[in-house]
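Working through the structure, step by step
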Amino acid sequence: MTTVDNVNAEHVPYLIEQLMAKGAGNVHVVNAMTKKGRPEYILLIDTPEGNVDIVSGYLAAELGTLGIRQFNVDHISYKYSIETMKVTLQDGTGNKIWEDNVNVKLVKDVRDNTLTARAEYECVKKAAKAFEASGAGITFYELKQIIESQAVSYFKNTEFAIHVEPVDKSKLRDKNPSR
């Protein structure tokens, strides 16, 4: 970790790219404010122990930082797999408008049961652009939710089914006369 108050926002993406190229596993940059109201960035960099000298040397050279803080923490990793799901957009009559593959990362527990699914950004972005061009009216956010929900349903071992449908609100009022 290091903090810097002499870097402008345009420099930050370059720093992240360079740190990743130098072996950082993750780079997080947090906006903060220092004494006297000066803006600063807090850089949190995950890197293997053997790579600390390379990363810290780069930070000193590129940013002029006077030092870094090193935290030794345990990282608990979950098992995961990348599954390829076929996504198809059909019109109201069932005609296929668009079809392509989307990669989904499945996070698993110790017994290899699927816990959650996360559709890969670039795949969803490509699909969302195609959906937008077709006039489907489905946003990136909605598409991502649909893909992830269906992937979990497909890969998660459960004997339950969930059905969601709208409820006629006038019938709800009839059942609850206290309103």
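Only a predicted model underlies this, so the values are computations on that prediction, with no experimental measurement involved.

Some details on the overall build of the protein chain
The helix and strand tally for the protein chain stands at five helices and six strands. Element order for the protein chain, N to C, with α for helix and β for strand: β-α-β-β-α-β-β-β-α-α-α. A compact globule built from 179 residues should have a C-alpha radius of gyration of about 16 Å, whereas the protein chain, at 24 Å, is more than 25% larger. Summarising its shape, the C-alpha atoms of the protein chain cover approximately 65 × 45 × 40 Å along the three principal directions.

Some points on the nonpolar core
Residues V102, V104, L143 and I147 are the most contacted members of the largest nonpolar core, which totals 17 residues. The biggest single contributor to this core is helix α3 (residues 121-134), with five residues. Setting aside residues no more than four positions away along its own chain, L143 makes contact with V124, A127, A128, F131 and I138. Among the nonpolar cores identified, the runner-up in size contains 14 residues, and L15, L19, V27 and L63 belong to it.

Thoughts on a nonpolar patch on the surface
On the surface, a cluster of nonpolar side chains totalling about 370 Å² of accessible area is made up of I76, Y78 and L115. For Y78, the location among the structural elements is in the loop between α2 (52-63) and β4 (79-90). For Y78, a relative accessible area of 57% translates into the label exposed.

Remarks on the sheet that holds strand β6 (residues 114-119)
In space, the three strands of this open sheet follow the order β4-β5-β6, with antiparallel pairing throughout. If you trace the sheet from one side to the other, it starts and ends with β4 and β6, each paired once. Shown here is a sheet whose adjacent strand axes are inclined to one another by a mean of 30°, direction ignored. Both β4 and strand β5 (residues 96-108) contribute to a ladder of 12 bridges, which runs antiparallel. Directly across from I82, in β5, lies its bridge partner K105. Here α3 sits on the sheet in contact with β4, β5 and β6, set at roughly 155° to β5. Sheet strands in contact with helix α4 (residues 140-155) are β4, β5 and β6, and its direction is about 150° off that of β6.

Conventions adopted
- Residues numbered from 1 in each chain as written.
- Predicted model: local features only at pLDDT ≥ 70, side-chain atom pairs only at ≥ 80, totals over all residues.
- Heavy atoms only, no water.
- Helix = DSSP H or I, 4+ residues; strand = E, 2+ residues; numbered from the N terminus.
- Rg over C-alpha atoms; globule rule 2.2 N^0.38 Å.
- Core = buried A, V, L, I, M, F, W, Y, C linked by side-chain atoms within 4.5 Å.
- Buried < 20%, exposed > 50% of the residue type's maximum accessible area, 1.4 Å probe, protein only.
- Contact = heavy atoms within 4.5 Å.
- Patch = residues over 30% accessible without salt bridge, like charges linked within 9 Å, V, L, I, M, F, W, Y side chains within 5 Å.
- Areas by Shrake-Rupley, 256 points an atom, 1.4 Å probe, with all protein chains shown as cover.
- Salt bridge = Lys/Arg side-chain N within 4 Å of Asp/Glu carboxyl O.
- Pairing = 2+ DSSP bridges.
- Axes fitted to C-alpha atoms, helices over the stretch in contact; angles between N-to-C directions.

All we've got here are geometric facts, nothing functional implied.
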